[in-house]
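Given next are the chains, with one letter for each unit.
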Amino acid sequence: MFAYILRRLLMLIPVLFGISVFIFLIMKMIPGDVVSTILGTEATDEARRQLEKQFGLNLPIYQQYLQWMGGVLTGDFGVSLRTGKPILGDIISRFGLTLELTMLSAFISWIIAIPLGIVAALKRNTSTDFGVRIISLLGVSVPNFALATLLLLVLSLAFSYYPPAGYVSLFEDPMKNLQMMILPAFVLGTAMAGAVMRMTRSSILEVLRQDFIRTIRAKGASERIVIFNHALKNAMIPILTIIGMQIGTLLGGTVIIEQIFSLPGLGQMVLTAINQRDYPVVQGAVLFIATVFVLINLLVDILYSYLDPRITYK
Amino acid sequence: MKEIMARLKKDKVGIVGVIGVGLVLLLGLFGPWLSPHDSTEMYKEHMLEGPSATYWFGTDEFGRDIFSRVVEGARVSLYVGLISVGIGASLGFVFGLIAGFFQNWVDNLIMRIMDILFAFPDILLALTIVAVLGPNLENTMIAIGIVFTPVFTRTVRAAVIAVKEMEFIISAKAIGVKTHKVIFRHVSPNVLAPFIVQSTLALSGAILTEAALSFLGLGIQPPNPSWGAMLNESRQYMEIAPWIAIFPALFIIVTIFCFNLLGDSLRDLLDPKLK
Amino acid sequence: MEPILQIKDLQIDVKMDEEVLNVVKNINLEIGKREIYGIVGESGSGKSLTSLAIMGLLASPPLQVSKGEIVFEEEKDLLKLSPKELRKIRGNKISMIFQEPMSALDPLFTIEDQLMESLKFHTKLSKKEMKRACVKIIERVGIPRPEQIMKEYPHQLSGGMRQRIMIAIAMLCNPKLLIADEPTTALDVTIQAQILELMKELRDDFETSILMITHDLGVIAETCQRVAVMYAGEIVEETDVVSLFHRPKHPYTKGLLKSMVGDRSDALYSIPGKVPSVEQMPTGCRFVTRCPEAMDICARVSPDDLEVAENHRCKCWIYQEEMANHV
């Protein structure tokens, strides 16, 4: 098992390398140069050259990449063009919030989606099934920002409720933190729930068609045991795949949701950096998020092999 | 194809989807003739007015007619959606065909690049590309097109590989039909079914992504109307003028919902084992 | 002979979009204690549906038993039991093994889990006792190193081994009746013989009756005492094995025998045509479309089930006419 995880981690290296090259190159395509962004167009040649040297911009492009990567690997993501503060520290302090938001959303989506998916499968082709199908399609279709806006509108107009302002971390005041997070997490969770619901329904149906389910019934198992001990466990494998994919949607969604609910997370950091043209920050934060996404998918894969004895650790 | 149409007729959900998508398309096509006002004209003395006989959906903070803007927004949404899915689908079709047919190092290279693109959350990738290229209509479409390329590439590649194993392809090759002829004469039509489903679903995804980008101020730029941007602007005023939030939100939701209904029905029709 | 199971006038229908079609009809049979009773027929003959109906495992909807009785141990009509009562019998007094040993076991659970499950449903044994029972039954079905096998997953075993495990699960609670639905079809010829031999041994050891469902007359010849031939949802002939092979009455049975591999004629015979689909069932005798001896009346009226010799029933106009002439 350990060797398997290690091997999978090693296999990530080329992917992460590709990701970093991609981010680096795309950031190089920015029209205009960073130096003019900082100094303005009126700057003296002398000042420009000095700054170029400081950022290593006078070097050939592959050396610039190596320099950046060398920094990243030793924990130095560079400094923000705006604040001059190290980027990695900022990323890490904001990552906690984004991770909490993502996990909470994922959790909310499961507790909505999996039971509804099971019910839809068991009551296939009834009005219940139809209702679940519409709910899940709505979940997929309502953009998180539209749901958030409408939700805030309804809450403020009908209940005079406003989400508490001023972010408090989970460790300072768990109750208040949860109060702030529950609404954004719900908004993000519903979008993910739609896809998970569909997958739960179709994979439960798929499993129930299998021969071994008949064997279990022939043993005298109750429907409860057939569904929860056997069908659900077998269905979890495809459900996990979709969950892994949806985590990416969630992480992307945090960019929008953190903005709407004024949560100082990683998503908000990226957006602010983009608006301020603080490219080293964008570069670092995007690399970080993509890496997290890749690692979460690895985690899902490992969970997979834990669940399914047919997957060998070779 | 006839059989599919016959089955679609029986599927009520699919019909609702078709009608909804049709209405949105009509709105997009004939919008300018429908809207009573110019979408960017500011009626200064009518700011933040509620729905009325003159301004059906009310006016926004600049006194612009929301109905006209929503209608114009439909045009923008569909335009961006179609063009960006067009970009993603064409790139994906070409890459997928090449990768699936050759299944050698070219395939490997293409698929690894797609893996890299897949490693980014959709919105984040689109955001980054737009940020780099500069936010405007064309770049929004390019960014969304790139975001949707990997999914098309995978779909097409998988279909090509499946089709390649079929008897008639093997026999076509055996009797000496040239490789590229085999691809275009035989493989392409068989890849179409999953491709169409994917396109419908991608359309809703593209419209959603455009709205999200515009919502964040990195898509369609003002004063051009976009549902996402309208919704974003509405947030400051929505308590005193809820209509400026409600109408664009409703149109985004209904449009994406209808495309998803249609895509979903198509998927069930073309892949009945999921039903 | 004391019967363990009596099926009386069983009828199974399928409900399709408002339309109800018949798939199994007029099934009458009796399985004695310690008897191995065979049902033979092509796929689509309704033999598997009949066995699933006994277990109460018909996929309902769309399938449903619309008529008849299935009496177990001369007292309970299985069709009248509540789902809970039926569950107590299933896997306990009546158990079943299936055709596909490859897919008949849950891939995510160990052999031990899947054996223990049965005991958990039907006994109050302690965990230790359960384990001991599992080891014993695995040894009994001829698998060496039971302790080790119990920790393995289905995909680690061969097809033959899996079928032995299926038999072990089925025999675990000492059933009165074992239903074997094509138990050897998916296996190699040598393993087939071993499995059939094992089943005969178990019948003797456990005093279990076996209902053997198969399309293979070879399996019938090797194991059964009595046999029913099913065609298109009906029993067309029923008798003891010796009579069936030496004095077949129904044209369909004759055709089946002729198409057996053992018959060394030059070319392998096969009955022309195929089993009619549920939608296109002939109104008269269901075999009329493929019968070499069909008469005018066959297409119009369904023949009765007649006792054509001692302990020999057949459903065919040829004999009905004969009998009528005698009278």
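Residues numbered from 1 in each chain as written. Chains lettered and ligands numbered in written order. Predicted model: local features only at pLDDT ≥ 70, side-chain atom pairs only at ≥ 80, totals over all residues. Heavy atoms only, no water.

Considerations on the environment of A:Ile216
Next, step 1: Position of A:Ile216 among the secondary structure elements: in helix α9 (residues 211–218).
Next, step 2: Residue class for A:Ile216 comes out buried when judged on its relative accessible area of 1%.
Next, step 3: In sequence terms A:Ile216 and A:Val226 are 10 residues apart; their C-alpha atoms lie 6.9 Å from each other.
Next, step 4: Aside from chain neighbours lying at most four places away, what touches A:Ile216 is A:Ala221, A:Val226, A:His230, C:Asp106 and C:Glu117. (Helix = DSSP H or I, 4+ residues; strand = E, 2+ residues; numbered from the N terminus. Buried < 20%, exposed > 50% of the residue type's maximum accessible area, 1.4 Å probe, protein only. Contact = heavy atoms within 4.5 Å.)

Points about the interface of chain C and chain A
Next, step 1: Taken together, the contact pairs 25 residues of chain C with 21 residues of chain A.
Next, step 2: Three residues, C:Leu108, C:Glu117 and C:Phe121, lead the burial of chain C against chain A; their summed loss comes to 28% of the area buried on that side.
Next, step 3: At the boundary of chain C with chain A, the tally comes to 1 salt bridge.
Next, step 4: Across the salt bridge formed by A:Lys219 and C:Glu117, the nearest N and O atoms sit 2.9 Å from each other.
Next, step 5: Counting across the chain C and chain A interface gives 11 residue pairs in polar contact (both at pLDDT 80 or more).
Next, step 6: Of the residues forming the side of chain C that touches chain A, the biggest block, 5 residues, is contributed by helix α3 (residues 111–122) of chain C.
Next, step 7: Among the residues forming the side of chain C that touches chain A, the class breakdown is 14 nonpolar, 6 polar and 5 charged. (Buried area = accessible area lost by both parts, 1.4 Å probe. Salt bridge = Lys/Arg side-chain N within 4 Å of Asp/Glu carboxyl O. Polar contact = N/O pair within 3.5 Å; in protein donor to acceptor, adjacent residues only side chain to side chain. Nonpolar A, V, L, I, M, F, W, Y, C, P; charged D, E, K, R; others polar.)

Some details on the pattern of salt bridges
Residues and elements named next belong to chain C.
Next, step 1: The tally for this structure, following the rule as stated, stands at 30 salt bridges over all chains.
Next, step 2: Note that glutamate 73 and lysine 76 form a salt bridge whose closest N and O atoms lie 3.9 Å from each other.
Next, step 3: One connected set of salt bridges, linked through shared partners, spans Arg34, Arg203, Asp204 and Glu207.

Focus on the pairing of strand β10 (residues 234–240) of chain C
Residues and elements named next belong to chain C.
Next, step 1: Among the 7 residues in β10, 6 count as buried, and that is most of the element.
Next, step 2: Bridging between strand β9 (residues 226–231) and β10 involves 6 bridges; their strand directions are antiparallel. Of the residues in β10, the one forming a bridge with valine 227 is threonine 239.
Next, step 3: Between β9 and β10, which pair antiparallel and follow one another directly, the connecting turn spans 2 residues, one of which, alanine 232, has a positive phi of 45°. (Pairing = 2+ DSSP bridges.)

Looking at the interface of chain B and chain A
Next, step 1: Listed by partner, the interface residues are 46 residues for chain B and 53 residues for chain A.
Next, step 2: A combined buried area of about 4100 Å² lies between chain B and chain A, and 77% of that area is made up of carbon and sulfur atoms.
Next, step 3: Summed over the shared surface of chain B and chain A, the number is 2 salt bridges.
Next, step 4: Between chain B and chain A we count 3 residue pairs in polar contact (both at pLDDT 80 or more) in total.
Next, step 5: At the level of elements, α4 (105–118), α5 (122–133), α8 (179–215), α9 (227–234) and α10 (243–270) of chain B are the ones that each hand at least two residues to the side of chain B that touches chain A.
Next, step 6: Top contributing element to the side of chain B that touches chain A by residue count: α10(B), with 13 residues.
Next, step 7: In terms of residue class, the side of chain B that touches chain A is built from 33 nonpolar, 5 polar and 8 charged.

Some words on the arrangement of the chains
Next, step 1: Considering every one of the 2 pairs of chains in contact, the largest contact total is recorded for chains A and B.
Next, step 2: No interface is formed between chain B and chain C, the nearest pair of C-alpha atoms being 13 Å apart.

Overview of a negative patch on the surface
Residue and element names in this part refer to chain C.
Next, step 1: A cluster of acidic side chains, namely Asp17, Glu18, Glu19 and Glu279, defines a negative patch on the protein surface.
Next, step 2: Among the secondary structure elements, glutamate 19 is positioned in strand β2 (residues 19–32).
Next, step 3: Exposure remark for glutamate 19: the relative accessible area of 47% places this residue in the partly exposed category. (Patch = residues over 30% accessible without salt bridge, like charges linked within 9 Å, V, L, I, M, F, W, Y side chains within 5 Å. Areas by Shrake-Rupley, 256 points an atom, 1.4 Å probe, with all protein chains shown as cover. Lys, Arg positive; Asp, Glu negative; His and termini not counted. Charge placed at Lys NZ, Arg CZ, Asp CG, Glu CD.)

Some thoughts on the sheet that holds strand β5 (residues 76–77) of chain C
Residue and element names in this part refer to chain C.
Next, step 1: Overall, antiparallel pairing links the 4 strands, which are arranged β2-β1-β4-β5 in an open sheet. Two strands close off the open sheet at either side, each with one partner strand: β2 and β5.
Next, step 2: Judged from the 2 bridges that link them, strand β4 (residues 63–72) and β5 form a sheet pairing that is antiparallel. Pairing of valine 71 across the sheet is with aspartate 77, part of β5.

Some details on helix α11 (residues 266–275) of chain A
Each turn of an α-helix holds 3.6 residues, which means side chains three or four residues apart point in the same direction.
Next, step 1: With 8 of its 10 residues buried, α11(A) lies for the most part within the structure.
Next, step 2: Trailing α11(A) by a residue or two, A:Arg277 shows a phi angle of about 55°, which is positive.

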